[in-house]
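Inside the fold
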Amino acid sequence: MTSLEVRIKPSAQEDILHSVPYYNSKKENLGFELILEIDSSLERIKYFPEIAPVVYKDFRQILTRRFPFRIFYEISENYIDVYAVLHQSREFRRLLELSSHGGH
């Protein structure tokens, strides 16, 4: 089974790093469980990149199963670029515009 390399952009890394302490404050190791859940979703798109629908321009969205997060990514010929990992309550279009143009 072939797979594409998943590259996590700095904007997505920041999204994750901001969420972990919040969940850890709610329950011990819950932030770690969030990271495992995100990793599981990234593993799915690594092998099945087109599993998730296009939701805005060329961005696809996959939902995490246990936590209310959306992972936004684009597929290129050789890579999957993850631009944002956002709570489902957040507006994503403007943030994706900023993320894909090098902003935060």
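So, a few notes on the structure that sits alongside this text. (Residues numbered from 1 in each chain as written. Predicted model: local features only at pLDDT ≥ 70, side-chain atom pairs only at ≥ 80, totals over all residues. Heavy atoms only, no water.)

Along the chain, tyrosine 79 turns up in strand S5 (residues 79-87). What makes tyrosine 79 partly exposed here is its relative accessible area of 28%. (Helix = DSSP H or I, 4+ residues; strand = E, 2+ residues; numbered from the N terminus. Buried < 20%, exposed > 50% of the residue type's maximum accessible area, 1.4 Å probe, protein only.)

Moving on, we come to the pattern of salt bridges. Summed over the entire model, instances satisfying the criterion amount to two salt bridges. Among the salt bridges present, the one from arginine 7 reaches aspartate 81, with a minimum N-O distance of 2.7 Å. Of this pair, arginine 7 sits in strand S1 (residues 5-8) while aspartate 81 sits in strand S5, and the two are 74 residues apart along the sequence. Since its relative accessible area comes to 30%, arginine 7 is described here as partly exposed. Of the charged contacts in the structure, one is a salt bridge between glutamate 33 and arginine 66, with a shortest N-O distance of 2.5 Å. Taken as a pair, glutamate 33 in helix H2 (residues 30-47) and arginine 66 in the loop between strand S3 (59-63) and strand S4 (69-75) lie far apart in primary sequence, 33 residues in all. Accessibility expressed as a relative area gives 22% for glutamate 33, which makes it partly exposed. (Salt bridge = Lys/Arg side-chain N within 4 Å of Asp/Glu carboxyl O.)

In terms of nonpolar packing, the biggest core is built from 19 residues, with Ile38, Ile71, Tyr73, Val82 and Val85 touching the most fellow members. Of all the secondary-structure elements, those providing two or more residues to this core are helix H1 (10-26), H2, S4 and S5. Top contributing element to this core by residue count: H2, with five residues. Those residues in contact with tyrosine 73 that lie beyond four places of it in its chain are Ile45, Pro49, Ile51, Ala52, Asp58, Phe59, Arg60, Gln61, Ile62, Ile80, Asp81 and Val82. Of all hydrophobic cores here, the second largest spans seven residues; its members include Tyr56, Phe72, Leu86 and Phe92. (Core = buried A, V, L, I, M, F, W, Y, C linked by side-chain atoms within 4.5 Å. Contact = heavy atoms within 4.5 Å.)

Attention shifts here to H1. In this model H1 runs 25 Å from its N-terminal to its C-terminal C-alpha over 17 residues, within 8% of the 24 Å that 1.5 Å per residue would give. Those residues of H1 that fall on the buried side of the exposure criterion are Ser11, Ala12, Asp15, Ile16, Ser19, Val20 and Tyr23. (Expected span 1.5 Å × (residues − 1).)

Attention now goes to the pairing of S3. For S3, the buried fraction is high: four of the five residues fall into the buried class. Of the strand pairs in this sheet, strand S2 (residues 54-56) and S3 are connected by two bridges, and their pairing is antiparallel. Looking at the pairing, tyrosine 56 lines up with phenylalanine 59 of S3. Two successive antiparallel strands, S2 and S3, enclose a turn made up of two residues, where lysine 57 displays a positive phi of approximately 50 degrees. In this structure, S3 lies alongside S4, joined through four bridges in antiparallel fashion. Residue pairing for S4: isoleucine 62 is matched across the bridge by isoleucine 71. (Pairing = 2+ DSSP bridges.)

If you walk through the whole model with that rule in mind, you get four aromatic pairs. Between tyrosine 23 and phenylalanine 67, the aromatic rings sit 5.2 Å apart at their centres with planes inclined by 90 degrees, giving edge-to-face as the arrangement. Remark: phenylalanine 67 occurs in the loop between S3 and S4 and tyrosine 23 occurs in helix H1; sequence separation between them is 44 residues. When its relative accessible area of 7% is taken as the criterion, phenylalanine 67 is described as buried. Their ring planes at 55 degrees and their centres at 6.0 Å tell us that tyrosine 23 and phenylalanine 69 sit as a pair that is tilted. Here phenylalanine 69 lies in strand S4 and tyrosine 23 lies in helix H1, a separation of 46 residues in the sequence. Classification of tyrosine 23 by relative accessible area gives buried; the value is 11%. One aromatic cluster is present, built from ring pairs that chain together Tyr22, Tyr23, Phe67 and Phe69. One Lys or Arg, arginine 7, reaches over the ring of tyrosine 79 and ends 3.7 Å from the middle of that ring. (Phe/Tyr/Trp six-rings, centres within 6.5 Å; stacked < 30°, edge-to-face > 60°. Lys NZ or Arg CZ within 6 Å of the ring centre and 35° of its normal.)

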